[in-house]
Every structure is written in structure tokens, then in C-alpha cells.
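# Structural characterization, general
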Amino acid sequence: MAFGIASGVRPEQGIVTAIVGGLIVSVLGGSRVQIAGPAGAFVALLYAIAEKHGVANLLIATIMAGVLLFAMGAFKLGTLVRFIPVSIVIGFTNGIAVIIGLQQVKDFLGLSIDKMPSNFFSQLGAIADSIGSVNWTAAAIGVASILVIVVWPVSYKPNAGRMKRIAAKLPSTVIVLAASAAVVSLFGLPVETIGSRFGQLPSGLPMPAMPAFNWETAQNLVGPTIAIALLGAIESLLCARVADGLIEDRHDPNQELMAQGVANFVAPFFGGIAVTGTIARTVTNVRTGGRTPVAGIVHALALFLVILAAAPLASKIPLAALAAILVWVAWNMGDWREFLRLKHFSMIYRATLLSTFLLTVVFDLVVAVEVGLVLSSLFFIYRMSSLTKIEPIDLPAGVARLADGRRVAAYRLFGSFFFGSVTKLENLLDPKGAMPDVLVLEMHQVINMDTTGLDALESLHAMLVKRGSRLVVVDPNEQPLGLFRRSGFLETLGHGNVYESMQEILDDLLAPAPDEAPAGNLGFL
């Protein structure tokens, strides 16, 4: 219910998401123990989409994201999610936590704000303008709820008393909801409740219905759709990896994405919102003995029975207590210690994490992830370029200057010659200066070459041929050699200019000049 309200929809839509989405993921998912449903990571994104496009279009975007998630799994793209750097994941997760916490200030303090805006600075302005309207009763309930959650035992020692053992098995959030609802009802406290804002919650699931849809609207939902799908994929696969570590198993990422796709496609027909794997519920499932998908199925059925029996009672829950629970969720989902550890990491890591964090808070998740990925790619290109080197090889005097007067220069290439590092190859020789008669490039430590690197090598070869010089390549690895073959550069260079080792080219250079061009060593070609 708390995630539903915080996402800008009705509380029962959060419960429906946990029931329908959780059941589908447990039956079809690639992890045996993952529990799916609404998640805190979605709150900021869904709230912004609902405010900008409306709840109906939020459901349409979720359905479209389900199709995209299923396609990602069907085309075996599950492992690509792991290509997102951890600095981006930590940055946007902490940013989402800040947004969730800020959104709860209204209900936590009982402020008189008609509707909390989604923009960060607008939220700060709304809070500042209404800070004089604090409902101290609501604030007291919020603070008391936080204290109960903090001090409530989550584990016990073998010699602990019976009451403590029983208490440790009861979730602190359930205690907070039940106790706060009871206090508000008994004393008639003047605070806003679920019933006063949303009315009576329905008992049971709604009949499935298609949200209002048209193609013109759908075209405006491409960005939100991609954002929901990307965040759902990241969160569910991260959760599945955590579960793997707990039960010593290995999930199927592609099957998991397809299950998440089906869940996100079906849930909106019942009014549900975005579905993903939830780490907190999954860890609780494992710690209480869950080892098969049956646990997730029972979880969904138990929630269904709860709304059948207890929906009328939920209307008494104060919104301040729900806000306190979400504040606690926000605090726990953020990896705040990572900010303290930033000084131990590189400037690249710090810049990526902080920029993603700030952009998530100030703008939105889509912009943050896009900029984070661009920064990570640029930093990766820079790092790979800095690792790529060209070093001169010292040649014996009799080789550097051959008996016939030819001058020989040799260089050892190391790293990856791609579009980000080709300047090192382009700057190897000065077109205005003297050229060696024979240029030897030892390429055994070149692990990769793209077409831009090949273009630079072809330009170097053309410049040498124009001056009457010769380019020799020694011991290229399979990837560059395959590129030479496919592009036709091997024929342009000539097989006689490709050698398997430095010793062979040195022997050829020192040998008496033959009547024909040297044949090189083609055995490894």
C-alpha cells in the first residue's frame, strides 16, 4: 500500500501488483526464491510519470515495458544488464532513496499540501511554504513508528526469552501499521488516514480491464517505457544475484526477464503498477526457509486472503505511519557508506557516481542513467586509450642500418587500437620528416583492432609505400589478423610482409638480398 501511494496511485493498486505480479514471477521466473511486486526503486519514476501523463498512461507504459522486458529475455539480453557499472547503480539507487524520503515529508509531518510535485526543487519549495502547517499528532505518530521499527528485534540469541523470540518473527512494519491504526481509532486522533484520503479499500481483485489506449499517446510514452523496463531489469536481476548467493544457486537471467515481462504486461489490466524483484522480501523469504517457487505462490495467495479479510481495517491506517515505513525503506535502500568511501576510488568512479546521484535527484532517472552511461563509456575509452602503448624496439647496429644502407625502425604495439587510441598509431611517423626504409610493427600484444585502427594502419602503409618504404607486421593475434583478411589489407600489405616472429624478420633483413621479394612466413596465416 505504501509503495502504491508513494507512486501516485491508490493503495490497493500496490497490493494488486504484489499479488498478480508476484504470482506470475514465482511461477515463470528464472530464480527459485525471488519475491516480486512493487518496489521502492520505482517510486520516484512512477510518481513522475503519473503526474506528467496520468495514471492511465502509467499503466499503458507499464504494459509496453512488459513487452520490452519479454523481448529482452527472448533475445538472450539478460547478461547485458550486468554491463551497467556499479557506480551508476549505486548513484541512481541513492538518488531514488533521497526522492522517496523527501516525498514522505508531507504525510510524515501532516503538512497541508494538496499534491506533492515531482520536481526536486518544487518539492523543497512546497515543503518550505507549508512548514507552518505541521500536524504535531501526525508527526508524533511518524516519529513513534520510526522508533518502533528501529528498536523492534529482528533476531534473537538461543537463550532469548519466549516473547523476544515471538517478536522477532513478527515484521516491525506490520506492528507499526496495526498499532498506529488501533491508536488512531481508539482515541479519534485528528490525522489523515487511508480511508479519509482514498475511501474504503475494495475486498478482492478488480475485474481485468484494458486501460484507455491510443497510438498518439503511446508515442509520448517511449521514454517512460524504456525507463520502467531498464529499471525493472536491473532491479530484478540484482535481486536474483543476491538470492543466488543466499541459496548457492544460479538463476536464468533471460527466463527471469521474460517472467518480469509477462508480470508487467498482465498486472496493469488489474490496475497494478510496475513489477520487479524486491531484495528485502526475497531475503526474508530465504531466511524463513523458502527454497522453491511455492513460497512466492503462497506469498501472493496470503496477500489475497489478507485483502479479503482485512481491507476494511486498512482504512484506519494513518498516512504518517506509512510515510515512516517508506522513510525507513529509503534509508535502507541507499548505500550511504559508499559516499564516505569515495576518496579511496578513482576520479572516474567518483564523477560517475556523483553525477548519476545528483541527476537522479534533480532531474529524473532516465537522464541520470543516460548521462552515467555516456560518462562511463567516455572514461572507459580514455582508460583503454591510456593503456594502449607503442614502444620502440632497440635493434642491433647491424640491423638498424643495413649493409645496403637501408634504415630499419621497429616498434612494439600493446593494447587495443580502436577509435579512441588510433592517434598513437597516426603519430608514429612524421610525414614531414625522414622515413625508415623498413618499418616493423610487432603486434603480438595487440588484443583488439577495430576498423578505425585498421584505417590508420592502412594510411601508415600507404604513406610508407609512397616514399618507397616497406611496412612489416610481426605476429598479429587472431582478431587483428582476421580483420586484415576480411578487409583485404592482407593482400594489399603482401604476405611477404607478415612474419611469425621478430627473429624471422631480422634473419630476412640480414640475409643476402634475393632476386625476389621475401616470402615471409605464411604458415600461421
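I will try to describe carefully the structure that is included in this document.

Rules and cut-offs
- Residues numbered from 1 in each chain as written.
- Predicted model: local features only at pLDDT ≥ 70, side-chain atom pairs only at ≥ 80, totals over all residues.
- Heavy atoms only, no water.
- Helix = DSSP H or I, 4+ residues; strand = E, 2+ residues; numbered from the N terminus.
- Rg over C-alpha atoms; globule rule 2.2 N^0.38 Å.
- Buried < 20%, exposed > 50% of the residue type's maximum accessible area, 1.4 Å probe, protein only.
- Contact = heavy atoms within 4.5 Å.
- Areas by Shrake-Rupley, 256 points an atom, 1.4 Å probe, with all protein chains shown as cover.
- Arc of directions from axis to C-beta.
- Polar contact = N/O pair within 3.5 Å; in protein donor to acceptor, adjacent residues only side chain to side chain.
- Pairing = 2+ DSSP bridges.
- Right-handed = clockwise from strand over helix to strand, strands pointing away.
- Core = buried A, V, L, I, M, F, W, Y, C linked by side-chain atoms within 4.5 Å.
- Salt bridge = Lys/Arg side-chain N within 4 Å of Asp/Glu carboxyl O.
- Axes fitted to C-alpha atoms, helices over the stretch in contact; angles between N-to-C directions.
- Parallel < 35°, antiparallel > 145°, perpendicular 65-115°, else oblique.
- Left-handed = near helix turned anticlockwise from the far one by under 90°.

Attention shifts here to the overall build of the protein chain. When helices and strands are tallied, the protein chain shows 26 helices and seven strands. The C-alpha atoms of the protein chain give 32 Å as radius of gyration, which overshoots the globular expectation for 525 residues (24 Å, by more than 25%). In terms of overall dimensions, the protein chain has a C-alpha envelope of 110 × 60 × 50 Å along the principal axes. Taking all 525 residues of the protein chain together, 48% fall into the buried category. Put simply, 79% of the contacts in the protein chain that link residues at least 6 apart link residues at least 24 apart. For the protein chain, the accessible surface area stands at approximately 25,200 Å², while carbon and sulfur atoms represent 64% of it.

We now examine helix H7 (residues 120-130). All of the buried residues along H7 are Phe120, Gln123, Ala126, Ile127 and Ser130. Seen along its axis, H7 keeps its buried residues to an arc of 125°; they face one direction. Away from the buried face of H7 by more than 90 degrees, exposed residues Phe121, Ala128 and Asp129 are located. The inward-facing, buried residues of H7 abut helix H5 (86-103), helix H6 (105-109) and helix H19 (347-362). Taking the backbone nitrogen of Phe121 as reference, a side-chain oxygen 3.0 Å away marks Asn119 as the first, capping residue of H7.

This part covers the pairing of strand S5 (residues 438-449). Pairing of strand S4 (residues 408-417) with S5, which is carried by nine bridges, proceeds in the parallel orientation. In the strand pairing of S5, Gly415 is matched with Val446. Summarising the sheet, S5 and strand S6 (residues 470-474) pair through five bridges and their orientation is parallel. Residue pairing in the sheet places Leu441 in a bridge with Val473 of S6. In terms of handedness, the path from S5 via helix H23 (residues 451-466) over to S6 forms a crossover that is right-handed.

Turning next to the side chain of Gln260. Here Gln260 is to be found in helix H14 (residues 253-266). The exposure class of Gln260 is buried, given its relative accessible area of 1%. With residues near it in sequence (within four places) discarded, Gln260 still touches Val25, Gln34, Ala36, Leu69, Ser236, Val275, Thr276 and Gly277.

Moving on: the nonpolar core. Nonpolar side chains in soluble globular proteins tend to end up buried together. Ranked by size, the top nonpolar core spans 61 residues in total, and within it Phe42, Leu45, Leu58, Phe92, Ile194, Ile228 and Leu322 carry the most contacts. What Phe42 contacts, discounting residues up to four positions off in sequence, is Ile228, Leu231, Gly232, Ala274, Val275 and Thr276. One finds Ala409, Leu441, Val473 and Leu490 within the second-largest nonpolar core, a separate group that totals 29 residues.

Taken as a whole and judged by the stated rule, the model has 10 salt bridges. Glu338 is the salt-bridge partner of Arg341, the closest N and O atoms lying 3.0 Å from each other. Residue Arg341 is classed as partly exposed on the basis of its relative accessible area, which comes to 42%. Taking relative accessible area as the criterion, Glu338 reaches 5% and is therefore assigned buried. Taking the shortest distance from any N to any O, the salt bridge between Arg485 and Glu478 comes out at 3.6 Å.

With that out of the way, let us pick up the packing of H19 against helix H20 (residues 365-387). For the pair H19 and H20, the least separation of the axes is 8 Å and the interaxial angle reads 165°. Relative to H20, H19 is oriented roughly antiparallel. In this structure, the crossing between H19 and H20 has a hand that is right-handed. Contacts between H19 and H20 pair Ile348, Ala351, Thr352, Ser355, Thr356, Leu359 and Thr360 from the former with Leu365, Val367, Ala368, Val371, Gly372, Leu375, Ser376 and Phe379 from the latter.

Strand order in the open sheet formed by five strands is S3-S4-S5-S6-S7, and the pairing between neighbours is mixed. In this open sheet, the two edge strands, each paired with only one partner strand, are strand S3 (389-392) and strand S7 (498-499). Bridging between S3 and S4 involves four bridges; their strand directions are antiparallel. From the neighbouring strand, Pro392 faces S4, where its bridge partner is Tyr411. Contacts from H23 reach S4, S5 and S6 within the one sheet, and its direction differs from that of S5 by about 175°. Against the sheet, helix H24 (residues 478-487) contacts S5 and S6, and its axis sits at roughly 110° relative to S5.

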